[in-house]
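Topology and contacts: notes
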Amino acid sequence: MGQADQAGQYTICYNGGAVFENKGPRLISFTGMDGDLVEEIFKRGQELGLGMHIYTEDQVYGYQLTQEEIDFCQGRADFAALPGGDLTALRASGARFAKILYVDTDFPRLKKLRKDLADFEKVSEMSFSSFHPTATWNSTRPR
């Protein structure tokens, strides 16, 4: 598209949670998620045995991802190891969370979780992708 590293051209990321000017790139706007909410969503994902992507403003962390998932995301996301296997170190460092994504190749099962996770939709936006079987939460449009 010819937009890479161009001044006056912008990229919207993280389901609207961040806007970057392509030159640099330079972060223009960031709407982060509440750390306690991210922690709750993360713990629920652990209980459900799901792989997860945890997006901060400058890094993507992977949790229990299959090789298939890592391969699928190659060139889209470079996953860092989640320090300590939980969010403690990230939260202590002051990381700002953009979104958290559950991964499950059984898309019908993933969609059935919506009812079980309805409490999260009261305070965050939830979306699904069947192209790449995921459920994503972000706080860009709290209800």
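Refer to the structure presented above.
All values reported here derive from a predicted model rather than from experimental measurement.

Calculation notes
Note that residues are indexed from 1 along each chain, following the sequence as it is written. Given that the model is predicted, a residue must reach a pLDDT of at least 70 before its local features are reported, and side-chain atom pairs must reach 80 or more before they are shown or counted; all residues, however, enter totals for whole chains, interfaces and linings. Only hydrogens and water are set aside; all other atoms, that is, all heavy atoms of the structure, feed into the side-chain values. By definition, any uninterrupted DSSP run of H or I lasting at least four residues is a helix, any uninterrupted run of E lasting at least two residues is a strand, and each is numbered from the N terminus. Side-chain atoms alone can form a polar contact between residues adjacent in sequence; in general such a contact is a pair of N or O atoms within 3.5 Å, and within protein one must be able to donate a hydrogen while the other accepts it. Two residues qualify as a contact provided that any one of their heavy atoms is within 4.5 Å of a heavy atom in the partner residue. By convention, a stacked pair of Phe, Tyr or Trp rings (six-membered ring in the case of Trp) has centres within 6.5 Å and planes under 30 degrees apart, an edge-to-face pair has planes over 60 apart, and any other such pair is tilted. The buried label goes to any residue with under 20% of its type's maximum accessible area, the exposed label to any with over 50%, and the partly exposed label to all in between, with areas taken from a 1.4 Å probe on protein chains only. Charge-over-ring placement is defined geometrically: NZ (Lys) or CZ (Arg) within 6 Å of the ring centre, and within 35 degrees of the ring normal.

For Glu-39, the location among the structural elements is in helix α1 (residues 35-48). Polar contacts involving the side chain of Glu-39 include one to the side chain of Arg-91, which spans 3.5 Å. Every residue in contact with Glu-39, bar those within four places of it in the chain, is listed here: Leu-87 and Arg-91.

Take the packing of aromatic side chains next. In this description, an aromatic ring pair is defined by two values, namely the gap between the centres and the angle between the planes. Scanning all chains against the criterion turns up two aromatic pairs. With a centroid separation of 5.0 Å and 70 degrees between ring planes, the pair formed by Phe-42 and Tyr-63 is classed as edge-to-face. On the criterion of sequence distance, the pair formed by Phe-42 in helix α1 and Tyr-63 in strand β5 (residues 60-63) is long-range, its members being 21 residues apart. Judged by its relative accessible area of 0%, Phe-42 falls in the buried class. The ring centre of Tyr-55 lies 4.7 Å from the NZ or CZ of Lys-99, which sits over that ring.

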